[in-house]
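# Summary of the model geometry
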Amino acid sequence: MLGDVEYTLLQGTDTEIKNIVIDSRKVEAGDVFICIEGLQVDGHNYIDNALKAGAAAIIVSKDVELSGNGTIAKVSNTRAAMSIMAGNLYNWPGRKYPLIGVTGTNGKTSSTFFLESVLKEAGKKTGLIGTVAARVGDIPVKTEFATSTTPDPIELQQIFKEMLDDGVGNVVMEVTSHALEFRKMEGLSFAVSIFTNLTRDHLDLHGTMENYARAKARLFEKSDISIINIDDEYGKFMGDYAAGKIVTYSVNKPSDLQAVNVKYTSHGISFALKIEGELMDFEIPIPGKFTVYNALGVIGAALNLGISPNIIQKALKKLKGVPGRIQSIPNDKGIGVYVDYSHTPDSLKNILISVREFTSGKIITVFGCGGDRDREKRPIMGEIAAKLSDFSVITSDNPRSEDPQAIVDEVEAGVSSVAKDYIKLVDRKEAIIYAINMAKAGDSVVIAGKGHESYQIFADRTIHFDDADEAAKALKGL
């Protein structure tokens, strides 16, 4: 089952195994236990437990004390080995249809939804894997997997297998820097991949922007065609690592697909694009400059998948909003209320600039920062909110193991350096009610950070919490 993975047999003999397991508590007789060195737990510490539970083989990447029965094999990277072994176990379903990957800091979910709609319009049965959903067509996949955007290799192969069994023609998936850093994509190749942008995020894992960029670039090393945003400062970096054909897109710089005559309204965007020597107009009913970029990347991918420009044009014009991405909350009060997943400095800046374009009154922003994540971005996001909003309500996001009040205070340092018009309300529900109660007709309330999430994570519990639901309740209570 190790296939092409190089290994050294430390103990025992080559053996057939039944299943792949990375949690020693779930080991059954005949399984292989792969020792994953995680950020908090190291599987190498549980080898004895796995052997006692009947593991037929153990895969390690460290020197370990040999004891007991069972086969022990050493590889250079157990995460990479797990990906290859999972692919071998399920006979590589993900190699039997085109994979389309989307990576970048912002815009991954919207881009995958846009492309899924285009492929459906072209009559293709499409699988989708990402932050919000994993589905075939409109049907959720049955496999239950963790909340990470890109599932772990074993779960990923299960999903690929289900999609193959359901007869998909292609699969569109978000590919995160975590997935690439942790080698979840090992053994896979992509027909087409899109680079959206790269801004500060996940430095708690990667340490530096260069490391973060290098992790993202791994996707383009395994892609036949790379669709790259060259308006982004990291576009050239991604292109340098691309193994196959490169197609560039932009608004500001000359490129293969450069949008011109760009127009923004509160209801959407429009632009023209030269395709096969002729200008073609595109309209998309989702506001914001970022929608232009997401659409350009999708157009580039769709064209290189052989879809006609007319079908692409038609599909984009019929798009519905993506849950938690500049999601408008209907009301009869004349107040614009928008829920958005923006949880990085750049995405918060983008959403506020976009909302400003169609807001006649004030912008009131409700936001916070997640716990156990990059602390340096907290005052940065506070400063952005203060500069681009008329009033800021600083609140909790997902505090996780950290003190919510302490996070709010760190965000406040950035807000207070720019503005005096703000309030701190640690309780997120209270913060949303406060913002909507102070809004008047013509104002916009932006509730940023959690988007589609239906939960809030604290140190000792996870509760149900949905920004869109809470905003709707607050509007009814006016």
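For the structure, check the block above.
First, a word on what this report is: a plain description of the structure on this page. Computed from a prediction, not measured in an experiment: that's the story for all the values here.

### A short note on the pairing of strand β10 (residues 170-174)
- Among the five residues of β10, five are classified as buried, and the element is accordingly described as predominantly covered.
- The two faces of β10 match: N170, V172 and E174 on one face and V171 and M173 on the other face are all buried.
- Examined bridge by bridge, strand β7 (residues 126-129) and β10 share four bridges and lie parallel to one another. Bridge pairing in β10 links G127 to V171.

### Comments concerning the environment of Y293
- Mapped onto the elements, Y293 comes out in helix α9 (residues 289-304).
- Given the relative accessible area of 14%, Y293 is considered buried.
- When the C-alpha positions of Y293 and E410 are compared, they lie 32 Å apart, and in sequence the two are 117 residues distant.
- When residues no more than four places from it in sequence are discounted, the contact partners of Y293 are N229, D231, Y249, S250, V251 and N252.

### Here's the deal with the sheet that holds strand β20 (residues 391-394)
- With mixed pairing, six strands are arranged side by side in an open sheet as β17-β18-β22-β19-β20-β21. Edge positions in the sheet fall to β17 (327-328) and β21 (422-424), since each of these pairs with one other strand and no more.
- Alignment of strand β19 (residues 363-367) against strand β22 (residues 444-448), held across four bridges, turns out to be parallel. Paired with I364 across the bridge in β22 is V445.
- On top of the sheet, helix α12 (residues 377-388) reaches β19 and β20; it is set at about 165 degrees to β19, its chief contact.
- Lying on the sheet, helix α15 (residues 467-476) is in contact with β17, β18 (336-340) and β22; it crosses β18 at an angle near 165 degrees.

### A short note on unusual backbone geometry
- Phi is positive for W92, which is not a glycine, with a value near 50 degrees.
- Take W92: it is sitting in the loop between α2 (78-89) and β6 (99-103).
- Assessed through its relative accessible area of 8%, W92 is described here as buried.
- Despite not being glycine, E276 has its phi angle at roughly 50 degrees, a positive value.

### Here's the deal with the packing of aromatic side chains
- On inspection of all chains with the given rule, the structure shows seven aromatic pairs.
- Where F237 meets Y241, the ring centres are 5.2 Å apart and the plane angle is 45 degrees; that geometry is what we call tilted. Of this pair, F237 and Y241 both sit in helix α8 (residues 235-241), four residues apart, which is roughly one turn of that helix.
- Ring centres of F271 and F282 lie 5.6 Å apart, and the angle between their planes is 25 degrees; this geometry places the pair in the stacked category. Of this pair, F271 sits in strand β15 (residues 269-275) while F282 sits in strand β16 (residues 278-284); the two residues are 11 residues apart in sequence, bridging distant segments of the chain.
- Residue F271 is classed as buried on the basis of its relative accessible area of 2%.
- Judged by relative accessible area, which is 1%, F282 ranks as buried.
- What links up through ring pairs into an aromatic cluster is the set Y234, F237 and Y241.

Quick notes on the rules
- Residues numbered from 1 in each chain as written.
- Predicted model: local features only at pLDDT ≥ 70, side-chain atom pairs only at ≥ 80, totals over all residues.
- Heavy atoms only, no water.
- Buried < 20%, exposed > 50% of the residue type's maximum accessible area, 1.4 Å probe, protein only.
- Helix = DSSP H or I, 4+ residues; strand = E, 2+ residues; numbered from the N terminus.
- Pairing = 2+ DSSP bridges.
- Contact = heavy atoms within 4.5 Å.
- Axes fitted to C-alpha atoms, helices over the stretch in contact; angles between N-to-C directions.
- Phe/Tyr/Trp six-rings, centres within 6.5 Å; stacked < 30°, edge-to-face > 60°.

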